[in-house]
Amino acid sequence: MTDLLAHVESIWQAVVPQLPDFTVEVVPSIDSTNSELMRRARQGRHEPVLLVAEDQTAGRGRVGKGWHSRPGQSLTFSLALPLSPADWSGLSLAVGVSLAESINPQVRLKWPNDLWWQQRKLGGILVETASNGTPDAPRTLVVGVGLNVNRPDAVALASGSAPAGTLAPMPPAGVAELIMGITVGELLERVAAPLVRDLQLFEARGFEAFQDRFAVRDALQGLSVVLSDGTQGVASGVSRQGALQVQTASGCREVTSAEVSVRPC
């Protein structure tokens, strides 16, 4: 068993002044925390909730990839809350900034949704939204986060049952390599309340409030990259809307996460 339950009260107390209806739920096993909160939203349940799972059996990553976790080895949670920003652009980058700043100054962000340390993946982010039924109502935002706490071992990697970070081509990293002895519950308490505050900041000011903060942690800045269509170029930061800017032979190209994936050459 993990120590998640020991930290629930502290997380709730830190968040409820800003979100009076906020709740925290911890479950031993679930198919996917994101899938569960999206199901609730489609059923008309739009209350703010942090749903944490010790084990996910059918977790999801970006573009439909699988997302695995193991009890005590990784932190998997989803946060749902009604949100109505003027512009949703750059939201996953803002989430990454919040998480990275809460974890450690050495954590970098690989556009569009990965957390890196020493060129290895610490975790990833999945952002989804659901309509609240009326055009003018806030949408329900569901932010899914998977973080390696302990570095996956060789057995886990070989068996295909390794935590979220194994989606990366490089061997994954664990937060415990940066913060010696940190537990899953301690990591959750470290990131949860700041994430809520930063999502509220995003609602008020959009990605503009995060662009400079992202630039400080941009793992691709200045690197040669290859886009999924084969185009090569040099990553040169992100736009005000969070699009990746790539200097190519034919000029600057702005790339959105819906169009391509990016990998260093």
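The text that follows walks through the structure, step by step, so that each part is easy to find.

Cut-offs and rules
Residues numbered from 1 in each chain as written. Predicted model: local features only at pLDDT ≥ 70, side-chain atom pairs only at ≥ 80, totals over all residues. Heavy atoms only, no water. Pairing = 2+ DSSP bridges. Helix = DSSP H or I, 4+ residues; strand = E, 2+ residues; numbered from the N terminus. Axes fitted to C-alpha atoms, helices over the stretch in contact; angles between N-to-C directions. Buried < 20%, exposed > 50% of the residue type's maximum accessible area, 1.4 Å probe, protein only. Arc of directions from axis to C-beta. Contact = heavy atoms within 4.5 Å. Salt bridge = Lys/Arg side-chain N within 4 Å of Asp/Glu carboxyl O.

This paragraph deals with the pairing of strand β10 (residues 224-227). Strand direction decides the pairing type here: β10 and strand β11 (residues 232-238), joined by three bridges, are antiparallel. Bridged to S224 within β11 is V234. Counting the residues between successive antiparallel strands, the hairpin from β10 to β11 contains four residues, one of them, G230, with a positive phi of roughly 95°.

To continue, consider the sheet that holds strand β6 (residues 108-110). Strands belonging to one sheet form pairs held by backbone hydrogen bonds; the direction of such a pair is parallel or antiparallel. Reading across from one edge, β1-β2-β5-β9-β8-β7-β6 is the order of the seven strands in this open sheet, with mixed pairing throughout. Across the chains shown, the open sheet's two edge strands, defined by having one partner strand only, are β1 (23-27) and β6. Looking at each pair of strands side by side, their axes are set apart by 20° on average, direction ignored. As defined by bridge partners, β1 adjoins strand β2 (residues 49-53) across five bridges and the pair is classed as parallel.

A few words now on the pairing of strand β9 (residues 139-148). Among the ten residues in β9, nine count as buried, and that is most of the element. Relative to β9, strand β5 (residues 74-83) is paired through ten bridges, and the arrangement is antiparallel. Note on β9: the bridge partner recorded for S78 is G144. Bridge count between strand β8 (residues 120-130) and β9: eight bridges; the pairing is antiparallel. When the sheet's bridge partners are listed, L126 is paired in β9 with G144.

Our next topic: helix α1 (residues 8-15). When α1 is considered as a whole, its buried residues turn out to be V8, I11 and V15. Each buried residue of α1 sits inside an arc of 70° when the element is viewed along its axis, so together they form one side. Elements in contact with the buried residues of α1: β1, β2 and α5 (184-205).

Here we take up the pattern of salt bridges. On inspection of all chains with the given rule, the structure shows ten salt bridges. Close ionic contact of D31 with R39 constitutes a salt bridge, the shortest N to O distance being 3.1 Å. For D31, a relative accessible area of 27% translates into the label partly exposed. Across the salt bridge formed by E177 and R120, the nearest N and O atoms sit 3.0 Å from each other. Highlighted residues: E177 in the loop between α4 (154-159) and α5 and R120 in strand β8, separated in sequence by 57 residues. Judged by its relative accessible area of 31%, E177 falls in the partly exposed class. Classification of R120 as buried rests on a relative accessible area of 13%. Taken together, the shared-partner salt bridges in this structure form one network comprising E25, D31, E36, R39 and R40.

Here the focus is unusual backbone geometry. A cis geometry characterises the amide bond from W111 onward to P112, with omega recorded as 5°. Within the secondary structure, P112 sits in the loop between β6 and β7 (114-117). Positioned with a positive phi, Q118 is a non-glycine residue whose angle comes to about 50°. Its location among the elements puts Q118 in the loop between β7 and β8. The phi dihedral of Q119 is positive, around 65°, even though this residue is not glycine. By secondary structure assignment, the location of Q119 is in the loop between β7 and β8.

The values reported here are purely geometric and, on their own, carry no functional implication.
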